[in-house]
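One letter stands for each residue in the lines below.
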Amino acid sequence: LHLLSRRQRQMCIRDRIICVFNLMRKGGELMLLGDPFAVSVMVKSVKEWNDYGDHYEPLNGGIMIITVDGFMFPFNEVLNVSLNCAIPELINNLKGIPYNEDIFKLEDKKSAFKEIYDLVYYNHIHDENDGIEEDWRYKVSPTEFLDHDFLIFAVSNGTKVRFLASKVEYIKSLSLHNLDDIAVREVFVTHAEIDHIINGLEDWLKYYLSHPIVYKS
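Residues numbered from 1 in each chain as written. Predicted model: local features only at pLDDT ≥ 70, side-chain atom pairs only at ≥ 80, totals over all residues. Heavy atoms only, no water.

A. Molecular detail of the overall build of the protein chain. When helices and strands are counted, the protein chain shows 7 helices and 11 strands. The buried share among the 217 residues of the protein chain stands at 45%. In the protein chain, once contacts between residues fewer than 6 apart in sequence are set aside, the share between residues at least 24 apart is 59%. When the accessible surface of the protein chain is summed, it comes to about 11900 Å², and 51% of that surface belongs to carbon and sulfur atoms. (Helix = DSSP H or I, 4+ residues; strand = E, 2+ residues; numbered from the N terminus. Buried < 20%, exposed > 50% of the residue type's maximum accessible area, 1.4 Å probe, protein only. Contact = heavy atoms within 4.5 Å. Areas by Shrake-Rupley, 256 points an atom, 1.4 Å probe, with all protein chains shown as cover.)

Following this line, the structure appears as structure tokens:
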């Protein structure tokens, strides 16, 4: 029964990813980097969002999806992402994933997620005068993801990288997120897999930076 439910879950994840992939592939080029069932990045420039009459500016607006353990972030909504900002930010975030053996080896993924959250938003949670600075190196999510409360964190043990992701609720009165009863997605990947994504993003960005304007024929 356990194996059956696991197989059904994998099939549902596969079907959902294939459906989104096919939809995003229509009407333009789609970049897919990484393993959608582990960690991957999908990026697409949307012509309709970048139409300036006689030309397109591909990096101004598009769609970005990051998968963690086969789950897509963001989900249930489409974000208009400024690719000229989000892609360089994501590249820097992936290059700067910090080493922390203690958090990496925590067995409970919710506890690990909350430990990282405490470090990232330290000054919001604790006394700002204690001299400890917030550590945003654990944050993978581009700013547009954070603005819609999709939090993706990562931590390394020197050999592998542990990704932890969740959609959370923001409490304005506290300037914090509600971490009670959150669903955390988790996956472990190698640094080589992350390097592959980084290299692909850099190549994609380099191409479009050299072709910032595409004139209509």
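B. The arrangement of the pattern of salt bridges in detail. Throughout the structure, instances matching the rule amount to 4 salt bridges. Of the charged contacts in the structure, one is a salt bridge between lysine 139 and glutamate 89, with a shortest N-O distance of 3.5 Å. A residue pair is termed long-range when its members are at least 10 positions apart, and lysine 139 in the loop between helix 5 (122-125) and helix 6 (143-147) and glutamate 89 in helix 2 (residues 83-95) qualify at 50 residues. For lysine 139, a relative accessible area of 7% translates into the label buried. Residues lysine 95 and glutamate 202 are paired through a salt bridge, measuring 2.7 Å at the closest nitrogen-oxygen approach. On the criterion of sequence distance, the pair formed by lysine 95 in helix 2 and glutamate 202 in helix 7 (residues 191-210) is long-range, its members being 107 residues apart. (Salt bridge = Lys/Arg side-chain N within 4 Å of Asp/Glu carboxyl O.)

C. Looking closely at the sheet that holds strand 4 (residues 62-68). Reading across the sheet, the 4 strands line up as 1-2-4-5 and stay open at both edges, with antiparallel pairing between neighbours. Each edge of the sheet is formed by a strand with only one pairing partner; in this case those strands are strand 1 (30-34) and strand 5 (71-73). Between one strand axis and the next, the sheet turns through 20 degrees on average, direction left out of account. Two strands pair when backbone bridges link them, and strand 2 (residues 39-45) and strand 4 are joined in this way by 7 bridges, in the antiparallel orientation. Each residue of the ladder has a partner; that of serine 40, found in strand 4, is threonine 67. Together, strand 2 and strand 4 form the strand contacts of helix 2, whose direction differs from that of strand 4 by roughly 25 degrees. (Pairing = 2+ DSSP bridges. Axes fitted to C-alpha atoms, helices over the stretch in contact; angles between N-to-C directions.)

D. Spotlight on the pairing of strand 2. Burial runs high along strand 2: 7 of the 7 residues are buried. The two faces of strand 2 match: Val39, Val41, Val43 and Ser45 on one face and Ser40, Met42 and Lys44 on the other face are all buried. Pairing geometry for strand 1 and strand 2, over 5 bridges, is antiparallel. Bridge pairing in strand 2 links glycine 34 to serine 40. Linkage of strand 1 to strand 2, two consecutive antiparallel strands, is achieved through a turn of 4 residues.

E. Geometry of the side chain of asparagine 50. Relative to the helices and strands, asparagine 50 resides in the loop between strand 2 and strand 3 (55-56). Within polar-contact distance, the side chain of asparagine 50 engages the backbone nitrogen of glycine 61 at 2.6 Å. Setting aside its immediate chain neighbours within four residues, asparagine 50 contacts Ser45, His55, Tyr56, Glu57, Pro58, Asn60 and Gly61. (Polar contact = N/O pair within 3.5 Å; in protein donor to acceptor, adjacent residues only side chain to side chain.)

F. Here's a closer look at the packing of aromatic side chains. In total, this model carries 9 aromatic pairs according to the counting rule given. Taken together, a centroid distance of 6.5 Å and an interplanar angle of 75 degrees make the contact between phenylalanine 73 and phenylalanine 150 edge-to-face. Taken together, the residues phenylalanine 73 in strand 5 and phenylalanine 150 in strand 6 (residues 150-156) connect sequence positions 77 residues apart. Like phenylalanine 73, the residue phenylalanine 150 is buried in the burial classification. An aromatic cluster of three or more residues is present, and its members are Phe73, Phe75 and Phe150. Over the face of the ring belonging to phenylalanine 150 we find lysine 167, whose NZ or CZ atom lies 4.5 Å from the ring centre. (Phe/Tyr/Trp six-rings, centres within 6.5 Å; stacked < 30°, edge-to-face > 60°. Lys NZ or Arg CZ within 6 Å of the ring centre and 35° of its normal.)

G. The arrangement of unusual backbone geometry in detail. Of note, the amide linkage connecting phenylalanine 73 to proline 74 takes the cis form, showing an omega dihedral of 0 degrees. Positive phi values are uncommon outside glycine, yet serine 175 reaches one of about 55 degrees. Residue placement: serine 175 occurs in the loop between strand 8 (169-171) and strand 9 (176-178). At aspartate 181, a residue that is not glycine, the phi angle is positive and equals roughly 55 degrees. Among the secondary structure elements, aspartate 181 is positioned in the loop between strand 9 and strand 10 (185-190).

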